[in-house]
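Remarks on the overall topology
Here's the letter readout for the chains.
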Amino acid sequence: MSSQSAAVQQSKGSPQADPAQKTGAQIVWEVLAREGVEVVFGYPGGAIMPTYDALPGYPIRHVLVRHEQGAAHMADGYARASGKVGVAIATSGPGATNLVTGIATAMMDSSPIVCITGQVPSTALGSDAFQETDITGITLPITKHNYLVTRAEDVAPALHEAFFIARSGRPGPVLVDITKDAQQGLARLESRPPPRSMRRHPIPVASSEAIARAALLIDAAERPLIFAGQGVIASGSSQLLRELAEKTGIPVTSTLLGLGGFPASHPLSLGMMGMHGEAWVNASIQEADLLIALGMRFDDRVTGKLQTYAVNARKIHAEIDPTEINKNVRVDVALPGDVGRTLSALIPAVQAKTRQPWLDRISARRSEAAPRDVQTIPCGGKLYAAHVLHDLWRLTEGKALVVTDVGQHQMWEAQYYKHDRPRSLITSGGLGTMGFALPAAMGARFARPQDEIWVVAGDGGFQMTACEMVTCAQEGLKLNIAIINNGYLGMVRQWQEFFYNRRYVATPLRSPDFVKLAEAHGLAALRVTKREEIPEAVARARAEPGSVVVEFRVEQEDSVYPMVPANTDLRDMIRRPANAFEEE
Amino acid sequence: MPHESAFALPAGPKTAQTLIAYVEDRPGTLNRIVSLFRRRGFNIESLTVGRTEREGISRITVVVRADDETARRLEANLYKLFNVLSVEDVTHAPSVTREMAFVKVRAAQERRAELLQLVQTFRARVVDLGPESVIVETTGTQEKLDGLVEVLRPFGIIELVRTGAVAMLRGPGAGGQNGAARAEDGVAA
C-alpha cells in the first residue's frame, strides 16, 4: 500500500492512537491490494458498510452489481480468464445467500475466488439479528474453506490465507465472513502477518515408479486416447500436452472445461467427449485399449453408464486432487499431482511412435458422421443455432473469448466454435448454472481488456441475470452478447421430446423484446432472423464501442446431437436423423 | 448414520477401518468433518474426539465400515479440510484400539451373584449398585464389548452407551507429526 493512501485514511480524523493501527475495514483493502487485486465485484449493505466506507483511497476498482449472484460469477469469470483470484463482496443475510449459487459454481469448476461478506456484530451472533445468517454454515460444503472473523487482528491472517487456499492445489472458492465490529475494531497490520495455519499443504507428486508404469502402458497401447481436462489449462500445460500427443501420436479428446487446452485445429484433436461429444469420440472411447486422463474427474456427463464405460481400456489418471482418483472409474496407474509436473516426467519416458491404423479408424468414423452434421446441411431459409455458432467462429477467426450460459447453445458452442487457445472458453460445467454467462463475461472483461469477448446465452438463462446489462452500461464495458432465442427452455424441451413423450411442460418461454430490453438498459441491440444476416450483424456488433445485444431468433425445436442419454452406454447415442432435412 | 455410498465402483470386502485425524482445535472443525462424511456418503461406525499432548490440536478417531479403497478416499477427503493437520490409517498398522462402555442391567436379588460373576470374568466392574439395577463399566476391544453385551442381554439391558474406539500406534514415536508443521514453517505449498 502506498504511503499516499495511508495519508488519506489518517486525514479522516479517526480516533486512532497508534498510527500503525488500522481498522479491520482498512485492513481488508490493504490485504486485497497486497494480493494484487485490481477489481472487486460487490453490493453494499448494513453489515459491510464499514468496509465500503474505507474503500476510497485504495487503488481498487469496485463494480456495483445488480444482484450478488452476478458478483460471484464476475469474480469467477475474472478468475477463469486470468488464472488469478477473483473477489466478490456482499453484506450479511440476503447479500451473502445471494452469493451461494455463484460460490457453488466456482466450487464445482475449481475456480479460485474469495468472497468477503459482512456479518452482524459478534455480540449479536446467534441471536437472529436483522440480516443475520449463518453463511459459513451454509457455504461449508460449497467452499474449499471458509472463515468467520470476529476480531480486527484476525482479518489480515484470514484474508491472506484465503487467497493462498483459493489458488493453491486444486483451486476453489473461499469465503471470509467478517463481523461488523471486526471491521470497525483496530489492529496493527504487520508488514507480513504471521500465517494462521499450522498445516503444510504439500501437493502430491507422482512417483517415478508410477511414471514408469504409465510409460510402459502407453508404449504398448495400440488404441490409446488422451483425455484433456481443465487441469491442463489450470496448470498451464497446453504445450506439454501437445508434446506428449505429438511424440506418441496419440489423439486428444477434451472435456467441456478442457476445450482450448489442446488446439482444435490440430490434426490429433478429436473434439469433445461425453453426453454431447462427437460420435467418433465416444465410439473410440469404447474401443480404446488405453485412456490417459489428464486433469479431469470422470464426471457422469463424460462417462455415461459406468458399468459399460471403456471396459476394454486400461486407465492412467493424472490429477491434482487425490480424492478424484478411483472415485468413479477404477484406474490402473494413478499419477497424483500437478498435471504439468507429471507431463514433464512422462514425456521423456515414453517412446516416439505413430499410430496410423488407429487414427485411420477414427477418421473413417468421422467421415461417416459428416452427413449427419448440421453444418453440412443447408439452412433452407431457416436459422439454426448451430449455424450461428459456426458462422460466429468463422467471422471471429476463432480468436474470441467465448463465455456461454447453460443449455443447448452451450453444447452447440462446444461443438462448433473451435477453440485453439487455453482460457478461450468460459462456461459453467459442473454445476450447470443458468445465468452464468453475462456476469462471468463482465468479470473476464477486466482480466482481458484487449480481447474480443462474446457472450453466448439462451433466452432462458439470459433472463436470470439480465439485470447486469445496466451494470455493463454503467461501467462502460464492451461485450458482444449473442442471445440464442428459440422460445423454449431448449435443453429441457429436448429431454421432454426424447424421454417424456413430447409433453412440453413449463418449457415454452415468452421473452421480453430483447432489443427494447437491451436499449432500455443502455446497450445497443439488433436482431437476426436469417442466416445471411449473420455476417453484417457480427460486424456491426464488433464495430460498436459499447456492449451490444444480438438476438438470434433460431429454429424452435432443434435438438443437440448426438446425445448419450444419462446413465447409458456411450455407444447408445441418439443421432441426428440423416434425412431430417431432406423431407422439408 | 449416513446412507450407503452411491459411488458405482465395485466394492471390495468391507471391514472396520480405523483412521486417526489430527485437527486444529477451532470452532467448527468437527462440523466440517461430520459434514464431509454426510455429503460423501461415508458410513461411520464411531467417532471420538479429544485433546492431545499438543495444545490446540485435537485428535479424532473414526471407524468406518468400508473397503480399503473407500478408506483411502476418505483419508484423501479428510486431507482436503484445512483444519485437518494429518491423517493416519491405523487399520493395517500395529496399533492398540480400545473402547469403553457403560451398561445398565436389571439385577434382581436372585440373579445378582450370577451377574457379578460374569462381570468379573470379563474384567469389567460395577460402578453403581442399585436395588433394581447395576451399572457395569468396561474397556476393551470392540469384540470384547460385543461379547459382554451379549452375555448381559438375558438379564435385561436397560441402557447402553459406548464411547466409540480410540486408537494409538505402537512404538516409541508420536503420531500425527507428518502434516502438522510448526507455525513458523508457514503455509507454503
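Use the structure listed above.
Here we summarise the structure given alongside this text.

Residue and element names in this part refer to chain A. Each neighbour pair has its own omega, and for Tyr561 with Pro562 the value is -10°, a cis peptide bond. Mapped onto the fold, Pro562 is located in the segment after strand E20 (548-553). One non-glycine residue, Gln131, lies in positive phi territory at about 60°. Within the secondary structure, Gln131 sits in the loop between strand E5 (113-119) and helix H7 (135-138). Of note, Ala506 is a non-glycine position whose phi angle comes to about 60°, a positive value. Within the secondary structure, Ala506 is located in the loop between helix H22 (490-499) and helix H23 (514-520).

A few words on the sheet that holds strand E12 (residues 290-294) of chain A. Residues and elements named next belong to chain A. If you trace the six strands from one edge of the open sheet to the other, you get E11-E10-E9-E12-E13-E14, paired in parallel fashion. Where the open sheet ends on each side, the last strands, each with one partner, are strand E11 (269-272) and strand E14 (333-336). For this sheet the average axis-to-axis angle between neighbouring strands, irrespective of direction, equals 15°. Two elements, strand E10 (residues 252-254) and E11, share three bridges in a ladder whose sense is parallel. Note that in E11 the partner of Val252 across the bridge is Ser269. Contacts from helix H10 (residues 208-220) reach strand E9 (224-228), E12, strand E13 (314-319) and E14, with the element oriented near 130° to E14.

Right, let's talk about the pairing of strand E6 (residues 125-129) of chain B for a bit. Buried residues are scarce in E6 of chain B, accounting for zero of its five residues. Counting the residues that bridge the hairpin from E6 of chain B to strand E7 (residues 133-140) of chain B gives three residues.

Another aspect to go through is the packing of helix H2 (residues 24-34) of chain A against helix H8 (residues 155-167) of chain A. To characterise two packed helices, one gives the angle between the axes of the helices and the distance between these axes. Residues and elements named next belong to chain A. Where H2 contacts H8, the two axes come as close as 9 Å, and the packing angle between them is 30°. Overall, the two elements H2 and H8 adopt an arrangement that is roughly parallel. Considering only the axes of H2 and H8, their crossing is right-handed. Mapping the contact onto sequence places Gly24, Ile27, Val28 and Val31 in H2 and Val155, Ala156, Leu159 and His160 in H8. Here the residues of the contact of H2 with H8 sort into six nonpolar, two polar and no charged.

Procedures and definitions
Residues numbered from 1 in each chain as written. Chains lettered and ligands numbered in written order. Predicted model: local features only at pLDDT ≥ 70, side-chain atom pairs only at ≥ 80, totals over all residues. Helix = DSSP H or I, 4+ residues; strand = E, 2+ residues; numbered from the N terminus. Pairing = 2+ DSSP bridges. Axes fitted to C-alpha atoms, helices over the stretch in contact; angles between N-to-C directions. Contact = placed C-beta atoms within 7 Å. Buried ≥ 20, exposed ≤ 12 C-beta atoms within 10 Å, placed from the backbone. Parallel < 35°, antiparallel > 145°, perpendicular 65-115°, else oblique. Left-handed = near helix turned anticlockwise from the far one by under 90°. Nonpolar A, V, L, I, M, F, W, Y, C, P; charged D, E, K, R; others polar.

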